[in-house]
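Inside the fold
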Amino acid sequence: MRIRGAAAIGCSAAQALADHVVTAAGGLEALRQAVVAGAERLRATRPTAVSLRHALAPVVAAVFAAPDPEVARRDAREAAGVFAGRVRAAQEEIARLGADLLPAGARVLTHCHSTAVVDILAAAYHAGRCIEVWTDETRPFWQGRITSRALAEAGIPVTLMVDSAAHSALTRLDIDHVLVGADTVAGDGSLFNKVGTAAVALSAQECGVPFHAAAATYKFTSEPAGSIRIEERDPDEVAAPGERAAGVRVWNPVFDRTPPDRVTAYITEKGVLPPMEAVRAALADLEVTP
Ligand code: RUB
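Residues numbered from 1 in each chain as written. Predicted model: local features only at pLDDT ≥ 70, side-chain atom pairs only at ≥ 80, totals over all residues. Heavy atoms only, no water.

**Here we look at the overall build of the protein chain**
- If you tally the helices and strands in the protein chain, you get nine helices and 10 strands.
- Principal-axis analysis of the C-alpha atoms gives the protein chain an extent of 65 × 50 × 35 Å.
- In the protein chain, which comprises 290 residues, the proportion classed as buried is 50%.
- Of the charged side chains in the protein chain, 29 are positive and 34 negative, and the gap between their average positions amounts to 3 Å. (Helix = DSSP H or I, 4+ residues; strand = E, 2+ residues; numbered from the N terminus. Buried < 20%, exposed > 50% of the residue type's maximum accessible area, 1.4 Å probe, protein only. Lys, Arg positive; Asp, Glu negative; His and termini not counted. Charge placed at Lys NZ, Arg CZ, Asp CG, Glu CD.)

Have a look at this one:
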């Protein structure tokens, strides 16, 4: 949890796996075993984000394709670098395309901490459009506070509110855009993102406010929505043992699924596309994940 957001998690994991290969002792077979074990362990850290799998797969493939240990180490490092470059390029294009959606005076609501969303908002602001942002706190882990700090530091007017105020903001504050990030987009166009996103999308639909999710193509998968596992985390994130009465159980699912009919469009590096068009565009050139 020291690294937040699917993009940063993917890049860090690919780099960590490459480092693991570079420092592992032994011949090619030992490196293959090390990369498989390392990838499994890293994948298990954030099971909902398909981007993590797409980040690790090229490093694993590089090791299996190498003819000897030296090439395996070199190509593992290179594969992690290529993935990081892909993330950077996608993020830049998404920032440009997303900023174009926001006219001067746009009033935007966001949820959680998405680096892609922060980049979009910063790009719109630096293009001279006076936007204003409302951000949910994002319980239980407070990622909204990170977002509000990043926006304030960029000079963007920002207001923090509790998650359950999102519907009130949409009905009472003339919010005209909702922008969120994405951890995974399933084969039917469903969005998987921080828990609470689905309720915001439902409110946006009720209020007729466009709901966009920034999702680079490496966040898409052909897997059906039902096979995406929703990570459940430590009960202490919700209430530490001293803060809850004896006998109280805690349920802490940290992502949720927003059905595709509530997503106006995905902002991908290939364009701003309605859910199924985005799925087709992303899967057209997505590598197979081992
Ligand atoms: C972060 C989260 C973000 C997506 C997209 O959750 O749900 O909306 O990961 O982020 P957590 P990005 O804090 O649990 O990682 O746009 O940076 O890829």
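**What about the site of the ligand?**
- Residues in contact with the ligand amount to 20 residues; listed here are only the nearest, Arg-46, Ser-114, Thr-115, Asn-193 and Lys-219.
- Separating an oxygen atom of the ligand from a backbone N or O atom of Ala-6 is a distance of 2.8 Å.
- In this structure, an oxygen atom belonging to the ligand sits 2.8 Å away from a side-chain N or O atom of Asp-183.
- Burial of the ligand by the protein amounts to 100% of the accessible area it has alone, namely 460 Å².
- Of all the elements in the fold, those that place two or more residues in the shell around the ligand are helix H1 (6-23), helix H5 (115-126) and strand E6 (191-194).
- Broken down by element, the shell around the ligand gets its largest block of residues, three residues, from H1.
- Residues that form the shell around the ligand fall into these classes: seven nonpolar, seven polar and six charged. (Near = heavy atom within 4 Å. Polar contact = N/O pair within 3.5 Å; in protein donor to acceptor, adjacent residues only side chain to side chain. Areas by Shrake-Rupley, 256 points an atom, 1.4 Å probe, with all protein chains shown as cover. Nonpolar A, V, L, I, M, F, W, Y, C, P; charged D, E, K, R; others polar.)

**Comments concerning the sheet that holds strand E2 (residues 132-136)**
- Here seven strands make up an open sheet; going across it, the order is E3-E2-E1-E4-E7-E9-E10 and the pairing mixed. For this open sheet the edge positions go to strand E3 (158-161) and strand E10 (271-273), each flanked by a neighbour on one side alone. When the angles between neighbouring strand axes are averaged without regard to direction, this sheet yields 25°.
- Looking at chain direction, strand E4 (residues 177-180) and strand E7 (residues 211-214) are connected through three bridges and run parallel. (Pairing = 2+ DSSP bridges. Axes fitted to C-alpha atoms, helices over the stretch in contact; angles between N-to-C directions.)

**Some details on the pattern of salt bridges**
- Here the structure, examined in full by the defined rule, presents 10 salt bridges.
- The partner of Glu-231 in a salt bridge is Arg-46, and the shortest N-O contact between them spans 3.5 Å. Of this pair, Glu-231 sits in the loop between E7 and strand E8 (255-258) while Arg-46 is found in the loop between helix H2 (28-45) and helix H3 (50-65), placing the two residues 185 residues apart along the sequence. Here Glu-231 matches Arg-46 in class, with each residue buried.
- Note that Glu-223 and Arg-53 form a salt bridge whose closest N and O atoms lie 2.7 Å from each other. Linking Glu-223 in the loop between E7 and E8 with Arg-53 in helix H3, this pair joins segments that are 170 residues apart in sequence. (Salt bridge = Lys/Arg side-chain N within 4 Å of Asp/Glu carboxyl O.)

**Side note on empty space enclosed by the protein**
- This model, assessed by the stated rule, comprises one cavity of 30 Å³ or more.
- Taken together, 20 residues line the largest cavity, and the ones lying closest to its centre are Gly-5, Ala-6, Cys-112, His-113 and Asp-183.
- Elements represented by at least two residues in the lining of the largest cavity include exactly H1, H5 and E6.
- Counted by class, the lining of the largest cavity contains seven nonpolar, eight polar and five charged residues. (1 Å grid on protein atoms, 1.4 Å probe; cavity = no way out; pocket = protein on both sides within 12 Å on 5 of 7 lines; lining within 4 Å. Points joined across faces, edges and corners; volume = space filled by probe spheres on them.)

**So, H1**
- Across its 18 residues, H1 extends 25 Å between first and last C-alpha, which sits within 8% of the 26 Å expected from 1.5 Å per residue.
- Buried residues belonging to H1 abut H2, H3, helix H4 (69-100) and H5. (Expected span 1.5 Å × (residues − 1). Contact = heavy atoms within 4.5 Å.)

**A look at the layout of surface pockets**
- Put simply, the largest pocket is a space of about 210 Å³.
- Forming the boundary of the largest pocket are Met-1, Arg-2, Ile-3, Ile-9, Ser-12, Ala-13, Ala-16, Leu-42, Thr-45, Arg-46 and Leu-52.
- Sorting the residues of the lining of the largest pocket by element identifies H1 and H2 as the ones contributing at least two each.
- Top contributing element to the lining of the largest pocket by residue count: H1, with four residues.
- Of the residues belonging to the lining of the largest pocket, the class tally is seven nonpolar, two polar and two charged.

**Remarks on the side chain of Ser-114**
- Along the chain, Ser-114 turns up in the loop between strand E1 (107-110) and H5.
- Within the local environment of Ser-114, its side chain forms a polar contact with the backbone nitrogen of Ala-116, the two atoms lying 3.2 Å apart.
- Polar side-chain contacts of Ser-114 include one of 3.0 Å to the backbone nitrogen of Val-117.
- Discounting residues that sit within four places of it in the chain, Ser-114 has contacts with Thr-147 and Gly-181.

**Structural notes on the sheet that holds E6**
- Ordered in space as E5-E6-E8, the three strands form an open sheet in which the pairing is antiparallel. Here the strands that pair on one side only, and so sit at the sheet edges, are strand E5 (184-185) and E8.

Geometric values such as these leave the question of function open.
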